[in-house]
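If you want the building blocks of each chain, they are given just below.
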Amino acid sequence: MKPLRSLYFASVAFATLALPGAALAQTNLLLSPSFELGPPNLLWTTTGVLPDWNFGGNLGTTVVSSPGNAADGNQYISFSAGASGGWMSQNFTAVIGQAYTASLYVRYVGTSPGLDVGMYFQVWDANIGPVFVDYIESPLGSPLPSSWTLESVTFTALSAALRFDIDIITVSGVGLGTNIQADLASVTAIPEPSTHAAIF
């Protein structure tokens, strides 16, 4: 099965890039984008804390501390098959009419013996619903590719109140072995092209 992607609204564009070395130059509108402030722990427990992010749903989502193994910083989020139905989100304020890039680093680890874990990476508008929906499903195979990949989407804000959203779903099979991991969530404004006038 190939990874599936669903797209709402024609003005949205997708791009998949390799792991970068340089940080984004524009200001990230999301707080704690690399999940560095939360202590390593399973979320949805009495000790599970992730500052600046809302979360809920099922068990199976973990803040992992692994210096040198994260896409950015020392920590990342790992979603196991048990996280199906779980979600994470953060509200942010946009400028109406401004173009933005939303992005998230994703990788798959473990094996896929018959269970696929899918992720909905999306931005929601409080007035019209989803601005875009990018559906990412772990590919079949053993072992799964484990390099960080950047999922990137461009969109234009039609409202000021928006929400960055991650939703997890188990899409087939039974058993464990597949994890989807995420790091460095980002929403940045796309700068307008600069114009220069030559005076002689």
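Our subject in this report is the structure included herewith. Source: prediction; values computed, not measured. (Residues numbered from 1 in each chain as written. Predicted model: local features only at pLDDT ≥ 70, side-chain atom pairs only at ≥ 80, totals over all residues. Heavy atoms only, no water.)

Glancing now at the overall build of the protein chain. Counting its secondary structure elements, the protein chain contains zero helices and twelve strands. Across the protein chain, helices and strands are ordered from the amino to the carboxyl terminus as β-β-β-β-β-β-β-β-β-β-β-β. Within the protein chain, contacts between residues at least 6 apart in sequence are counted, and of these 76% link residues at least 24 apart. Split by element, the accessible area of the protein chain, about 9700 Å² in all, is 60% carbon and sulfur. (Helix = DSSP H or I, 4+ residues; strand = E, 2+ residues; numbered from the N terminus. Contact = heavy atoms within 4.5 Å. Areas by Shrake-Rupley, 256 points an atom, 1.4 Å probe, with all protein chains shown as cover.)

This next bit is on the nonpolar core. Judged by nonpolar contacts, the single largest core of 36 residues is most densely connected at F79, F92, L104, M119, V123, F155 and F164. Elements that contribute at least two residues to this core include exactly β5 (75–79), β6 (87–93), β7 (99–110), β8 (116–125), β9 (129–137), β10 (149–156), β11 (161–172) and β12 (178–189). Examining the composition of this core, we find that five residues originate from one element, β7, more than from any other. One finds A70, Y76, W148 and L150 within the second-largest nonpolar core, a separate group that totals six residues. (Core = buried A, V, L, I, M, F, W, Y, C linked by side-chain atoms within 4.5 Å. Buried < 20%, exposed > 50% of the residue type's maximum accessible area, 1.4 Å probe, protein only.)

Within the secondary structure layout, E192 lies in the segment after β12. Here the alpha-carbon distance between E192 and A99, two residues 93 residues apart in the chain, equals 8.8 Å.

Turning our attention to the pairing of β12. Across the twelve residues of β12, nine count as buried, placing the element largely inside the fold. With three bridges connecting them, β5 and β12 associate as antiparallel partners. Across the sheet, F79 pairs through a bridge with I180, a residue of β12. Alignment of β7 against β12, held across ten bridges, turns out to be antiparallel. When the bridges of β12 are listed, A102 appears paired with V187. (Pairing = 2+ DSSP bridges.)

This brings us to unusual backbone geometry. For S32, which is not glycine, the phi torsion reads 50° and is therefore positive. Within the secondary structure, S32 is located in the loop between β1 (13–18) and β2 (41–42). In this structure, L184 takes a positive phi of about 45° despite not being glycine. Here L184 shows up in strand β12.

That's the geometry; what it means functionally is another story.
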